[in-house]
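For reference, the chains in residue letters:
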Amino acid sequence: MNAIPILVGYAISMYSAGSIFVQYSSTIPSTLSLLVSYDSGATFFINLQKLMGVTFGHTLPLLVMSVVELFPCESYFRFAIHGISIFLFYSSFTFMYYASAQWSTI
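What this report covers is the structure whose coordinates are included nearby. What you see is a predicted model, and the numbers here were worked out from it, not measured in a lab.

**Structural notes on the overall build of the chain**
Phase 1: What the chain contains, in helices and strands, is four helices and zero strands.
Phase 2: Ordered by position from N to C terminus, the α and β elements of the chain give α-α-α-α.
Phase 3: Taking all 106 residues of the chain together, the buried fraction comes to 16%.
Phase 4: The contacts of the chain with a sequence gap of at least 6 include a subset with a gap of at least 24, amounting to 40%.
Phase 5: Surface summary for the chain: the accessible area is close to 8100 Å², and the carbon and sulfur share equals 73%.

**Overview of the pattern of salt bridges**
Phase 1: Inspection of every chain in the model, using the stated rule, returns one salt bridge.
Phase 2: The salt bridge partner of Glu-69 is Arg-78, with a shortest N-O separation of 2.9 Å.

**Some words on the packing of aromatic side chains**
Phase 1: Tallying each qualifying case throughout the model produces four aromatic pairs.
Phase 2: Relative to Tyr-90, the ring of Phe-89 lies with its centre 5.7 Å away and its plane at 80°, an arrangement referred to as edge-to-face.
Phase 3: With a centroid separation of 4.8 Å and an interplanar angle of 80°, the aromatic rings of Tyr-97 and Tyr-98 are classed as edge-to-face.
Phase 4: Classification of Tyr-97 by relative accessible area gives partly exposed; the value is 46%.
Phase 5: By relative accessible area, Tyr-98 is classed as exposed at 67%.

**Details of the side chain of Arg-78**
Phase 1: Structurally, Arg-78 can be placed in helix H4 (residues 76-99).
Phase 2: Polar side-chain contacts of Arg-78 include one of 3.2 Å to the backbone oxygen of Phe-71.
Phase 3: If we ignore the near neighbours within four places in the chain, the residues touching Arg-78 are Val-68, Glu-69, Phe-71, Pro-72 and Cys-73.

**Concerning a nonpolar patch on the surface**
Phase 1: A grouping of Ile-4, Val-8 and Ile-12 is seen on the molecular surface, where their side chains present a nonpolar patch of about 240 Å² in accessible area.
Phase 2: Secondary-structure assignment places Ile-12 in helix H1 (residues 3-15).
Phase 3: Relative accessible area serves as the criterion here: at 33%, Ile-12 is assigned to the partly exposed category.

Cut-offs applied
- The residue count restarts for each chain, going from 1 along the sequence in the order it is written.
- The predicted nature of this model means local features are confined to residues of pLDDT at least 70 and side-chain atom pairs, given and counted, to a pLDDT of 80 or more, with totals for whole chains, interfaces and linings taken over all residues.
- Processing note: side-chain calculations cover all non-hydrogen atoms of the structure and skip hydrogens and water entirely.
- Comment: elements are numbered from the N terminus, with helices defined as DSSP H or I runs of at least four residues and strands as E runs of at least two.
- Throughout this description, buried means an accessible area under 20% of the type-specific maximum (1.4 Å probe, protein chains only), exposed means over 50%, and partly exposed covers the range between.
- By the convention used here, residues are in contact when the closest approach between their heavy atoms is within 4.5 Å.
- Note on areas: Shrake-Rupley, 1.4 Å probe, and residue coverage restricted to the protein chains presented here.
- Note on definitions: salt bridges are taken to be side-chain nitrogens of Lys or Arg within 4 Å of carboxyl oxygens of Asp or Glu.
- A pair of Phe, Tyr and Trp rings is counted when the ring centres sit within 6.5 Å of each other, with Trp represented by its six-membered ring. The angle between the planes then sorts it: under 30 degrees is stacked, over 60 is edge-to-face, the rest tilted.
- Identification of polar contacts relies on pairs of N or O atoms within 3.5 Å, with a donor-acceptor requirement for protein atoms, meaning one able to donate a hydrogen and the other able to accept it, and with residues adjacent in sequence counted only if both atoms are side-chain atoms.
- Like-charged residues are merged into a patch within 9 Å and nonpolar side chains (Val, Leu, Ile, Met, Phe, Trp, Tyr) within 5 Å, provided each residue has over 30% relative accessible area and no salt bridge.

What follows is the structure, given as structure tokens:
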């Protein structure tokens, strides 16, 4: 049943023009094909956690960089904010991976 999301992602990438998606890009279907799990059992929850991990990994750095861009490029404060945000991002998600059995797939 995992073919449905992959086919929907393929249709979005084939027929979307002028939106946030790049037409004829294989990013959506290939990412979905790597993320979906074919095991029996609680695959929906595992697939949802993997999708949340990809979403957090793409959107949180964009939000942080939009805040960093508010400061001038020559500012030492910008350098400090950038370094601290990278450290917090990696340390929080690494801690979540190793410390929690429930959220280790994110």
